[in-house]
Amino acid sequence: MITLMNINKSFEQKSVLYDINFNIPENSIKTLVGPNGIGKTTLLNTLCGFIYPDKGKIICDNSNLRKDIFTVLSGSLQLYARSTVKEFAWFWVYYYTFW
């Protein structure tokens with residue numbers, strides 16, 4: 001299980017993440033969806049340990065796995081532009097089955 005408690009992150013006095021709290025249960029796959037500039041990449045980079053929150057805690061049952069269990073895709077994903085949500089989901093189910 002991964003637990004985020006009161007995560008806050010700002011860049012140059014602009015608050016990007018404010019009081020983020022949630023749990024990610026073991027053996028689950030989660031997706032972040034939202035408009036550009038809302039903080040999805042910042043949250044993922046914080047989860048991976050690439051950047052540190054200004055405030056709050058991230059608790060991982062196995063801290064050695066933190067950078068190994070996340071994949072951050074940023075930029076243009078033209079490969080998936082014509083895929084349906086169902087096709088995209090099945091791609092990742094297949095990928096993780098044989099990983």
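**Details of unusual backbone geometry**
Move 1: The backbone phi angle of D19 is positive, close to 55°, even though this residue is not glycine.
Move 2: Note on placement: D19 falls in strand 2 (residues 14-24).
Move 3: Here the phi dihedral of N27 falls at roughly 60°; this positive angle occurs in a residue that is not glycine.
Move 4: With respect to the element layout, N27 can be found in the loop between strand 2 and helix 1 (40-48).
Move 5: Among the residues examined, N27 registers a relative accessible area of 79% and is labelled exposed.

**Thoughts on the environment of I59**
Move 1: Within the secondary structure, I59 sits in strand 3 (residues 55-60).
Move 2: Judged by relative accessible area, which is 37%, I59 ranks as partly exposed.
Move 3: Remark: the alpha-carbon pair of I59 and L47, spanning 12 residues in sequence, is separated by 9.7 Å.

**Some remarks on the pattern of salt bridges**
Move 1: Scanning all chains against the criterion turns up one salt bridge.
Move 2: Note that K9 and D54 form a salt bridge whose closest N and O atoms lie 3.4 Å from each other. Taken together, the residues K9 in strand 1 (residues 2-11) and D54 in the loop between helix 1 and strand 3 connect sequence positions 45 residues apart.

**Looking at the sheet that holds strand 2**
Strand pairing in a sheet relies on backbone hydrogen bonds, with the paired strands running either antiparallel or parallel.
Move 1: Read from one edge of the open sheet, three strands run 2-1-3, paired in antiparallel fashion. Two strands in the sheet have a free side with no partner beyond their single neighbour: strand 2 and strand 3. Strand after strand, the sheet turns through a mean of 20° between neighbouring axes, direction not considered.

**A short note on helix 1**
Move 1: Buried within helix 1 are the following residues: T42, L43, N45, T46, L47 and C48.
Move 2: Buried-residue contacts for helix 1 involve strand 1, strand 2 and strand 3.
Move 3: In the stretch just after helix 1, G49 is the one whose phi turns positive, near 85°.

Procedures and definitions
Residues numbered from 1 in each chain as written. Predicted model: local features only at pLDDT ≥ 70, side-chain atom pairs only at ≥ 80, totals over all residues. Heavy atoms only, no water. Helix = DSSP H or I, 4+ residues; strand = E, 2+ residues; numbered from the N terminus. Buried < 20%, exposed > 50% of the residue type's maximum accessible area, 1.4 Å probe, protein only. Salt bridge = Lys/Arg side-chain N within 4 Å of Asp/Glu carboxyl O. Pairing = 2+ DSSP bridges. Axes fitted to C-alpha atoms, helices over the stretch in contact; angles between N-to-C directions. Contact = heavy atoms within 4.5 Å.

These figures capture arrangement, not role.
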